[in-house]
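Residue-level listing of the chains:
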Amino acid sequence: VTYVFRGEQLERGLKDGKLRVRGIMMQDPREPELVLDRPVEVEEGGVLIARGNILVKAPVQSAPGSRIPLTLVSLEGKIILASERVDAALVALGPRGAVEKFDRGPVQLRGGIATTILDLDSLARGVSSGSDPGKTLTWDDRLDPVKAGPDSLRLYLDTARLVAVP
């Protein structure tokens, strides 16, 4: 882990709405959940880790030209989407790890999902029809390890540790 942060530190760092992770950042494990409640533009991705739930309440979008995607990781909780747009890979680990949609509104997810429990019902309600974008899941090819370039961040998970290799 590159840096351990508290929720208020992340809030201060997002004053301008821009996020620059630059590696792996883990929320202080004593904090119960990570909440993203205002719009975020990801200029430089990386990995944000929380021990508990991650609640995405506002749009999280990649900045134009951003080469490294954002990955959100919940070690023991859920990733709950309450926003209409999320550009991130979502990883929910542990026996209760889940990715779900909070409400019936549309969601456009650009990234990937790795989870113990995938709540397809909540993610599929309101699937697109006609000109309404509705709910979509689009693969972000910046996550493709085969296409990995010099700026890629590769993660290796095992039961004892999380290792990042630039």
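Just above, that's the structure.
The sections below set out a description of the structure shown in this document. Just so it is clear, the structure is predicted and the values come from calculations on it, not from any experiment.

Tracing the chain through its elements places Ala-58 in the loop between strand E5 (53-56) and strand E6 (60-62). Using a relative accessible area of 4% as the deciding quantity, one classes Ala-58 as buried. The spatial distance from the C-alpha of Ala-58 to the C-alpha of Ser-83 is 4.9 Å, given a sequence separation of 25 residues.

In this section: the pairing of strand E7 (residues 70-74). For E7, a buried count of five out of five residues is recorded, marking the element as mostly surrounded by other parts of the structure. Residues Leu-70, Leu-72 and Ser-74 point to one face of E7 and Thr-71 and Val-73 to the other, with burial holding for every one of them. When strand E4 (residues 40-50) meets E7, the two strands line up parallel, connected through five bridges. Counterpart to Leu-48 in the pairing with E7 is Leu-72. Of the pairings in the sheet, the one linking E7 to strand E10 (residues 89-92) comprises four bridges and is parallel in character. Counted as the bridge partner of Ser-74 is Ala-92 from E10.

Quick look at the pattern of salt bridges now. Inspection of every chain in the model, using the stated rule, returns eleven salt bridges. Across the pair Lys-78 and Glu-100 runs a salt bridge whose closest N-O atoms are separated by 3.6 Å. Here Lys-78 is found in strand E8 (residues 78-81), whereas its partner Glu-100 is found in strand E11 (residues 98-101), with 22 residues between them in sequence. Assessed through its relative accessible area of 31%, Lys-78 is described here as partly exposed. Three or more residues are tied together by salt bridges with common partners; here these are Arg-6, Glu-8, Asp-28, Arg-30 and Glu-31.

Cut-offs used in this document
- Residues numbered from 1 in each chain as written.
- Predicted model: local features only at pLDDT ≥ 70, side-chain atom pairs only at ≥ 80, totals over all residues.
- Heavy atoms only, no water.
- Helix = DSSP H or I, 4+ residues; strand = E, 2+ residues; numbered from the N terminus.
- Buried < 20%, exposed > 50% of the residue type's maximum accessible area, 1.4 Å probe, protein only.
- Pairing = 2+ DSSP bridges.
- Salt bridge = Lys/Arg side-chain N within 4 Å of Asp/Glu carboxyl O.

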